[in-house]
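# Notes for the structure review
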Amino acid sequence: MKNNDSITNTQGSYESTVSFIACNGYGEPEYRVKVTYNHGKNVSFLKSYKNFKTASNAANRELARLSN
C-alpha cells in the first residue's frame with residue numbers, strides 16, 4: 001500500500017476502514033483501523049497496528065461484533 005491508501009468494508013450501516021500511514025509521529029509505518037456506524041457519523045473503534053494482517057483482522061472482528 002502507498003501512503004494514505006485505504007480499504008473500506010461496509011456491512012449495513014457499519015463501515016470499517018484500514019488506512020496505511022507511511023510515517024507516524026515516531027517515524028514508523030502503521031495501519032490505522034476505524035470502524036464507524038450511522039454511515040460514518042459515529043466512531044466506534046479507532047486503533048493503530050504495525051502490520052496489515054493484524055489491522056485487517058481487528059477491523060473484521062469489530063465489524064462482526066457490531067453487526068450482530
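This report concerns the structure included in the present document.

Taking strand neighbours across the sheet as the criterion, the four strands line up as 1-2-3-4 in an open arrangement whose pairing is antiparallel. Where the open sheet ends on each side, the last strands, each with one partner, are strand 1 (6-11) and strand 4 (42-49). Across the sheet, the axes of successive neighbouring strands diverge by a mean angle of 15°, strand direction being ignored. Pairing of strand 2 (residues 14-21) with strand 3 (residues 30-37) involves seven bridges; the strand directions are antiparallel.

Let us now look at the pairing of strand 3. Examined bridge by bridge, strand 3 and strand 4 share seven bridges and lie antiparallel to one another. Residue pairing for strand 4: Val35 is matched across the bridge by Phe45.

For the rest of this paragraph, the subject is the environment of Val35. Among the secondary structure elements, Val35 is positioned in strand 3. C-alpha separation for the pair Val35 and Asn57, spaced 22 residues apart in sequence, amounts to 12 Å. When near neighbours in sequence (up to four residues on either side) are disregarded, Val35 contacts Glu15, Ser16, Asn42, Val43, Ser44, Phe45, Ala59, Glu62, Leu63 and Leu66.

This paragraph deals with the side chain of Ser16. Looking at where Ser16 falls in the secondary structure, it is placed in strand 2. Non-local contacts of Ser16, meaning those with residues more than four positions away in its chain, are made with Ile7, Thr8, Asn9, Lys34, Val35, Ala59 and Leu63.

Judged by nonpolar contacts, Val18, Phe20, Tyr31, Val33, Val35, Tyr49, Ala55, Ala58, Ala59, Leu63 and Leu66 together constitute the single largest core of eleven residues. Breaking this core down by element, the ones donating at least two residues are strand 2, strand 3 and helix 1 (52-67). Top contributing element to this core by residue count: helix 1, with five residues.

Looking now at the environment of Leu63. One can find Leu63 in helix 1. As a C-alpha pair, Leu63 and Thr36 span 27 residues in sequence and 8.9 Å in three-dimensional space. Once residues within four sequence positions are removed from consideration, Leu63 is found in contact with Asn9, Gln11, Tyr14, Glu15, Ser16 and Val35.

The next point concerns the packing of aromatic side chains. Evaluated as defined, the whole model comprises three aromatic pairs. Taken together, a centroid distance of 6.3 Å and an interplanar angle of 45° make the contact between Tyr14 and Tyr37 tilted. Here Tyr14, found in strand 2, pairs with Tyr37, found in strand 3; they are 23 residues apart in sequence, far enough to count as distant. Relative accessible area serves as the criterion here: at 22%, Tyr14 is assigned to the partly exposed category. Residue Tyr37 is classed as partly exposed on the basis of its relative accessible area of 31%. Pairing Tyr31 with Phe52 gives two aromatic rings, centres 5.8 Å apart and planes at 65°, and the pair type is edge-to-face. Taken together, the residues span a long stretch of sequence, with Tyr31 in strand 3 and Phe52 in helix 1 at a distance of 21 residues.

The rules behind these values
Residues numbered from 1 in each chain as written. Predicted model: local features only at pLDDT ≥ 70, side-chain atom pairs only at ≥ 80, totals over all residues. Heavy atoms only, no water. Pairing = 2+ DSSP bridges. Helix = DSSP H or I, 4+ residues; strand = E, 2+ residues; numbered from the N terminus. Axes fitted to C-alpha atoms, helices over the stretch in contact; angles between N-to-C directions. Contact = heavy atoms within 4.5 Å. Core = buried A, V, L, I, M, F, W, Y, C linked by side-chain atoms within 4.5 Å. Buried < 20%, exposed > 50% of the residue type's maximum accessible area, 1.4 Å probe, protein only. Phe/Tyr/Trp six-rings, centres within 6.5 Å; stacked < 30°, edge-to-face > 60°.

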